[in-house]
Amino acid sequence: MLDIKITRTTSPKAKPQDESKLGFGKIFTDHMFLMDYTAGEGWHDARIVPYAPLPMDPACVVFHYAQEIFEGMKAYRTADGTIQLFRPDCNAKRFQDSADRLCIPQIPVEDYIQAVKAIVDIDRDWVPHSDGASLYIRPFVFATDVGLGVHASKHYLFCIICAPSGAYYAEGLDPVRIYVEDEYIRAAPGLTGFTKCGGNYAASIKAGELAEEKGFSQVLWLDGVEKKYVEEVGSMNIMFKIDGKIYTAACTGTVLPGVTRRSIIELLKDWDYEVIEGKLAIADVMKAAEEGKLEEVFGTGTAAVVSPVKELDWEGKVAHIGGGKIGELTQKLYDTLTGIQWGKLPDTKGWTVKVEPEL
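To start, this report covers the structure provided alongside it. In this numbering scheme, every chain counts its residues from 1 along its sequence in written order. The model is predicted, so local features are restricted to residues of pLDDT at least 70 and side-chain atom pairs to those at 80 or more, both for listing and for counting; the totals for chains, interfaces and linings are taken over all residues. To obtain the side-chain values, all non-hydrogen atoms of the structure were used and water was disregarded.

Some points on the nonpolar core
1) Next: Counting 48 residues, the largest nonpolar core has L220, F240, I282 and L312 as its most contacted members.
2) Next: Apart from the residues lying within four places of it in its own chain, the contact partners of I282 are V180, L220, L222, K228, V230 and W314.
3) Next: In this structure, A46, A75, I83 and L102 belong to the second largest nonpolar core, which totals 41 residues. We define the nonpolar core as a collection of buried residues of types Ala, Val, Leu, Ile, Met, Phe, Trp, Tyr and Cys that are connected through side-chain atoms lying within 4.5 Å of one another. Only protein chains enter the calculation, and the probe is 1.4 Å; a residue is then buried if its accessible area is under 20% of its type maximum, exposed if over 50%, and partly exposed in between. What makes two residues a contact is simply this: any of their non-hydrogen atoms within 4.5 Å.

Following this line, the structure appears as structure tokens:
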């Protein structure tokens, strides 16, 4: 168990008065969690301090060789004022998997969860009260060795910052248009597609911007070898309801094992849907659309929970989905998962973890 030292801010920030204008990742709370790693000593000096810039040397390894990882999760305020997390153990374990791939020392699951709880607790007044808004939590680790040379760092910093964020769908779930990207790739076997590291996202920006220029909200990534099998949409997992069955790419190294994805698959199986995790060719998706069998398509992720898709564009062919409206199953998944997260529905799965006042 971590011995977390706490230094409270003497200059608390003014909290947002209008939670409808929070946006995402633009406002940050009063404090941050920090913990250092030194080779031979391990993780040490866990602390919560006032939110502030981090002093960094220009030759810091992370700037040059991108040895870093991150996570994304939320804290929710229920109607009775309770603050709770959603499946933090899953984020902690995925953080370990990312760390292993990037040669970063792993943080024990129990220490990760304790750190998240501690920073959320000390800044609990920042957790929004309005429906659909939440406290976004961003844990990350980066290499802090100073000096050039491609090798694993001997020093790291683990940091957690938090940002009150507004409802993702302020005006209701709005189905989006997606461009199928078959030139650029997001990931390939043996690389870092299954991790949450910044390099994955930096490499995706070009295709995303080109899609936006064409009037699309995001790109649908195909596999990096044959460029024919669907994998992810933007930075989200994606699912297809075809003739009553649910199809999604398997997490075999090139697809991020999303916590929302995992939770939705569990719900679908509870509801007796057949879920097929494997290769699904984009040509088969388009054919299903032509035959009227492509019933619903939706992305899944922490920020949006589900993001309905109304149109796919591939090689000049367009698949129109659900008449441009959110599908019945997509809506049910959104309502169920957000209901559990915000405490509006009973948590029969044991997914939520309360953050008890301690600090």
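Considering helix α5 (residues 205-213)
1) Next: Looking only at α5, the buried set comprises A207, G208 and A211. Each buried residue of α5 sits inside an arc of 100° when the element is viewed along its axis, so together they form one side. Along α5, exposed side chains directed more than 90 degrees from the buried face belong to E212 and E213.
2) Next: Looking at the buried residues of α5, the elements they touch are β9 (176-181) and β10 (218-222). Only DSSP runs of H or I covering at least 4 residues are called helices, and only runs of E covering at least 2 are called strands; the numbering of each starts at the N terminus. The arc refers to the directions leading from the helix axis to the C-beta atoms.

Section: the packing of aromatic side chains
1) Next: Only Phe, Tyr and Trp rings take part, Trp by its six-membered ring, and two of them pair if their centres are within 6.5 Å. Stacked means planes under 30 degrees apart, edge-to-face means over 60, and tilted covers everything else. What the rule picks out here adds up to 14 aromatic pairs.
2) Next: Taking 4.7 Å as the distance between ring centres and 75° as the angle between the ring planes, the aromatic pair formed by Y76 and W342 counts as edge-to-face. Here Y76 is found in strand β5 (residues 73-77), whereas its partner W342 is found in the loop between α8 (328-341) and β18 (352-354), with 266 residues between them in sequence.
3) Next: Judged by relative accessible area, W342 falls into the buried class, the value being 10%.
4) Next: Of the aromatic side chains, those joined through ring pairs into one cluster are F33, Y37, W43, F95, Y112, Y156 and F158.
5) Next: In this scheme, the term charge over a ring applies when either NZ of a lysine or CZ of an arginine sits within 6 Å of the ring centre and within 35 degrees of the ring normal. Here the basic side chain of K13 rests over the ring of Y51, its NZ or CZ set 4.4 Å away from the ring centre.

Remarks on the packing of helix α2 (residues 88-101) against helix α3 (residues 109-122)
1) Next: Comment: axis = line fitted to C-alpha atoms, over the contacting stretch for helices; angle = value between 0 and 180 degrees taken between N-to-C directions. Where α2 contacts α3, the axes come no closer than 9 Å and their chain directions differ by 125°. In this view, α2 runs oblique relative to α3, as classed from their interaxial angle. For the pair α2 and α3, the sense of crossing is right-handed. Taking contact as the criterion, the partners of P88, D89, N91, A92, K93, F95 and Q96 in α2 are, on α3, V109, Y112 and I113. Orientation categories follow fixed angle ranges, with anything under 35 degrees roughly parallel, anything over 145 roughly antiparallel, 65 to 115 roughly perpendicular, and all other angles oblique. Handedness of each helix crossing follows the sense of rotation of the near helix against the far helix: counterclockwise by less than a right angle gives left-handed, clockwise gives right-handed.

What to know about the layout of surface pockets
1) Next: A pocket, in this scheme, is an open set of points on a 1 Å grid over the protein atoms alone with protein on both sides within 12 Å along at least 5 of 7 lines, while a cavity is a set where a 1.4 Å probe fits but cannot get out; residues line either one if an atom lies within 4 Å of a point. Grid points are joined across faces, edges and corners, and a volume is the space filled by probe spheres set on the points. As a volume, the largest pocket reaches approximately 870 Å³.
2) Next: Residue lining of the largest pocket: 36 residues in total, with Y168, G234, S235, M236 and A303 positioned closest to the centre.
3) Next: Among the elements of the structure, β7 (134-143), β9, β11 (230-233), β12 (236-242), α6 (259-270), β15 (294-301) and β16 (305-314) are those that each provide at least two residues to the lining of the largest pocket.
4) Next: Just so you know the grouping, Ala, Val, Leu, Ile, Met, Phe, Trp, Tyr, Cys and Pro go in nonpolar, Asp, Glu, Lys and Arg go in charged, and all remaining residues, Gly too, go in polar. Of the residues that constitute the lining of the largest pocket, the class distribution is 16 nonpolar, 14 polar and six charged.

Considerations on the pairing of strand β17 (residues 317-320)
1) Next: Each pair of strands is called paired provided DSSP finds at least two bridges between the two strands. Pairing analysis gives four bridges linking β16 to β17, with the strands arranged antiparallel. If you follow E311 over to β17, its bridge partner there is H320.
2) Next: Two successive antiparallel strands, β16 and β17, enclose a turn made up of two residues, where E315 displays a positive phi of approximately 50°.

Focus: unusual backbone geometry
1) Next: The phi angle at A66 is positive, at roughly 55°, despite the residue not being glycine.
2) Next: Considering the arrangement of structural elements, one finds A66 in the loop between α1 (61-65) and β4 (68-70).

Digging into the pattern of salt bridges
1) Next: The working definition used for a salt bridge is a side-chain nitrogen of Lys or Arg within 4 Å of a carboxyl oxygen of Asp or Glu. Scanning all chains against the criterion turns up 15 salt bridges.
2) Next: R177 serves as the salt-bridge partner of E311, at 2.9 Å between the closest nitrogen and oxygen. Of this pair, E311 sits in strand β16 while R177 sits in strand β9, and the two are 134 residues apart along the sequence.

Describing the packing of α6 against α8
1) Next: As a packed pair, α6 and α8 sit with axes 11 Å apart at the nearest point and diverge in direction by 110°. Overall, the two elements α6 and α8 adopt an arrangement that is roughly perpendicular. Both α6 and α8 take part in a crossing whose hand is right-handed. Across from T260, S263, I264, L267 and L268 in α6, the residues of α8 making contact are L329, L333, T336 and L337.
2) Next: Grouping the constituent residues of the contact of α6 with α8 by class yields six nonpolar, three polar and no charged.

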